[in-house]
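Observations on the model geometry
Each chain, letter by letter, is given below.
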Amino acid sequence: MKKLLFILAISVAGLGYAQTPQITDAQLENSRLISEKNDKINAIIDQKVDQIMTLGNVETKRRGELLELVHEKETQTLSVKRENLSDIAMQSKINDISDRFESQLKTFLGEEKYAMVKNAMNPK
């Protein structure tokens with residue numbers, strides 16, 4: 001009886017060990033997908049920061065501050081889009097985020113540079 005229990009315990013442990021690589025593979029795939037999404041988001045953010053810095057003639061040493069502003073806006077916008085909201089509620093939240101970003105950007109750049117950036121990004 002003891003031998004049977006011992007064999008059963010070893011086989012159960014072996015089955016648990018055999019499933020571990022499958023879990024690890026799934027975790028690796030999930031990590032890879034998350035990393036790809038983060039890389040895409042960071043590329044978009046860097047592109048926007050570079051565009052604002054070029055158009056607004058912003059000093060290189062202030063890039064970190066601008067990066068933080070743009071990153072906050074983009075991540076909040078993505079977060080709102082993932083929520084299960086009605087179209088009107090989602091657009092309202094996105095507008096609030098955009099308005100807050102515009103206000104922060106105006107404070108960051110100053111009135112003149114902000115106007116230059118705004119006109120260059122949204123030509124009429």
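Residues numbered from 1 in each chain as written. Predicted model: local features only at pLDDT ≥ 70, side-chain atom pairs only at ≥ 80, totals over all residues. Heavy atoms only, no water.

1. Details of the overall build of the chain
- Of the regular secondary structure elements, the chain holds 4 helices and 0 strands.
- Going residue by residue from the N terminus, the α and β elements of the chain occur as α-α-α-α.
- Per-residue burial over the chain gives 18% buried out of 124 residues.
- For the chain, the proportion of contacts with a sequence separation of at least 24, taken over those separated by at least 6, is 52%.
- Approximately 9,600 Å² of the chain is accessible, and the part contributed by carbon and sulfur atoms is 57%. (Helix = DSSP H or I, 4+ residues; strand = E, 2+ residues; numbered from the N terminus. Buried < 20%, exposed > 50% of the residue type's maximum accessible area, 1.4 Å probe, protein only. Contact = heavy atoms within 4.5 Å. Areas by Shrake-Rupley, 256 points an atom, 1.4 Å probe, with all protein chains shown as cover.)

2. Overview of the pattern of salt bridges
- In total, this model carries 10 salt bridges according to the counting rule given.
- Linking Arg32 and Glu29 is a salt bridge whose minimum nitrogen-to-oxygen distance equals 2.4 Å. On the criterion of helical spacing, the pair formed by Arg32 and Glu29 is a turn pair, its members being 3 residues apart in helix H1 (residues 2-56).
- What makes Glu29 partly exposed here is its relative accessible area of 37%.
- Between Glu83 and Lys93 there is a salt bridge whose closest N-O contact spans 3.4 Å. Pair noted here: Glu83 is in the loop between helix H2 (63-82) and helix H3 (87-109) and Lys93 is in helix H3, with a separation of 10 residues, a long-range link.
- The network of salt bridges with common partners includes Glu29, Arg32 and Glu36. (Salt bridge = Lys/Arg side-chain N within 4 Å of Asp/Glu carboxyl O.)

3. Some details on unusual backbone geometry
- Even without a glycine there, the phi angle at Asn57 is positive, about 55 degrees.
- Mapping Asn57 onto the fold places it in the loop between H1 and H2.
- Asn57 gets classed as exposed once you look at its relative accessible area, which sits at 57%.

4. What to know about H2
- When the terminal C-alpha atoms of H2 are compared, their 28 Å separation across 20 residues agrees well with the 28 Å that a helix rising 1.5 Å per residue should span.
- Among all positions in H2, only Leu66, Leu69, Val70, Lys73, Glu74, Thr77 and Val80 are buried. One side of H2 holds all its buried residues, which, seen down the axis, span an arc of 125 degrees. Counted as exposed and oriented over 90 degrees from the buried face of H2: Glu68 and Arg82. (Expected span 1.5 Å × (residues − 1). Arc of directions from axis to C-beta.)

5. Considerations on the packing of H3 against helix H4 (residues 111-121)
- Between H3 and H4, whose axes approach to 6 Å, the crossing angle comes to 125 degrees. In terms of axis orientation, H3 runs oblique to H4. Considering only the axes of H3 and H4, their crossing is right-handed. Contacts between H3 and H4 involve Glu102, Leu105, Lys106 and Leu109 from the former and Glu111, Lys113, Tyr114, Val117 and Lys118 from the latter.
- Of the residues assigned to the contact of H3 with H4, the class counts are 4 nonpolar, no polar and 5 charged. (Axes fitted to C-alpha atoms, helices over the stretch in contact; angles between N-to-C directions. Parallel < 35°, antiparallel > 145°, perpendicular 65-115°, else oblique. Left-handed = near helix turned anticlockwise from the far one by under 90°. Nonpolar A, V, L, I, M, F, W, Y, C, P; charged D, E, K, R; others polar.)

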